[in-house]
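Analysis of the macromolecular model
Here's the letter readout for the chains.
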Amino acid sequence: MDREMQGVQNVVATMAIENMYLSKDFINELIKVARGEKTSEELRQEVILRHAR
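The text that follows walks through the structure, step by step, so that each part is easy to find. Values in this document were obtained by computation on a predicted structure and should not be read as measured data.

1. Thoughts on the environment of L30
Relative to the assigned elements, L30 resides in helix α2 (residues 24-35). In this structure L30 comes out as buried when scored by relative accessible area, which is 16%. When the C-alpha positions of L30 and V11 are compared, they lie 9.0 Å apart, and in sequence the two are 19 residues distant.

Below, the structure written as structure tokens:
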């Protein structure tokens, strides 16, 4: 397993330990960040927009 995917797996596992399960769509977005296809700031802004009240 490459380094980027190991990092994503670690995030998913850490969240699961805290009973905070991530959707497959969100995991795919994390993979895009890990591969450099988008920045973490772009993902953060998308999450804020999606969940803003």
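2. Some words on the packing of α2 against helix α3 (residues 40-51)
Running from N to C, α2 and α3 cross one another at 155°; their axes reach a closest spacing of 9 Å. Viewed along their axes, α2 and α3 adopt a mutual orientation that is roughly antiparallel. For the pair α2 and α3, the crossing hand works out as right-handed. Residue-level contacts link F26, E29, L30 and V33 of α2 to S40, L43, E46 and V47 of α3. Taken together, the residues that form the contact of α2 with α3 break down as five nonpolar, one polar and two charged.

3. Regarding the pattern of salt bridges
Applying the stated criterion across every chain, the model contains four salt bridges. As a salt-bridge pair, E41 and R44 come within 3.0 Å of each other at their nearest N and O atoms. With a gap of three residues between them, E41 and R44 both fall in helix α3, about one helical turn apart.

4. Focus on the packing of helix α1 (residues 3-17) against α2
Packing of α1 against α2 leaves a shortest axis separation of 9 Å and a crossing angle of 145°. For α1 against α2, the interelement crossing comes out right-handed. In this structure, α1 contributes E4, M5, V8, V11 and V12 to the contact, and α2 contributes I27, L30, I31 and A34. Split into classes, the residues belonging to the contact of α1 with α2 amount to eight nonpolar, no polar and one charged.

5. Description of unusual backbone geometry
Within the chain, N19 stands out as a residue other than glycine whose phi angle is a positive 60°. Its place among the elements puts N19 in the loop between α1 and α2.

Procedures and definitions
For every chain, the first residue of its written sequence is number 1, and the numbers climb from 1 along that sequence. Only residues with pLDDT of at least 70 get local features here, since the model is predicted, and only at 80 or more are side-chain atom pairs given and counted; chain-wide, interface and lining totals rely on the full set of residues. In computing side-chain values, all of the structure's heavy atoms are included and hydrogens and water are not. Note on conventions: DSSP H or I runs of at least 4 residues are helices, E runs of at least 2 residues are strands, and numbering of each starts at the N terminus. A simple rule labels every residue: compare its accessible area, found with a 1.4 Å probe on the protein chains alone, to the largest value its type can have, and call it buried under 20%, exposed over 50%, or partly exposed in between. Lines are fitted to the C-alpha atoms to define the axes, a helix being fitted only along its stretch in contact, and any angle between axes, read from their N-to-C directions, falls within 0 to 180 degrees. To sort the angles, those under 35 degrees are grouped as roughly parallel, those over 145 as roughly antiparallel, those from 65 to 115 as roughly perpendicular, and the leftovers as oblique. Helix crossings are classified by the rotation of the near helix relative to the far one: an anticlockwise turn of less than a right angle makes the crossing left-handed, while a clockwise turn makes it right-handed. Contacts: residue pairs with any heavy atoms within 4.5 Å of one another. Here the nonpolar group is Ala, Val, Leu, Ile, Met, Phe, Trp, Tyr, Cys and Pro; Asp, Glu, Lys and Arg are the charged ones; every other residue, Gly included, is treated as polar. We define a salt bridge as a contact between a side-chain nitrogen of Lys or Arg and a carboxyl oxygen of Asp or Glu at a distance within 4 Å.

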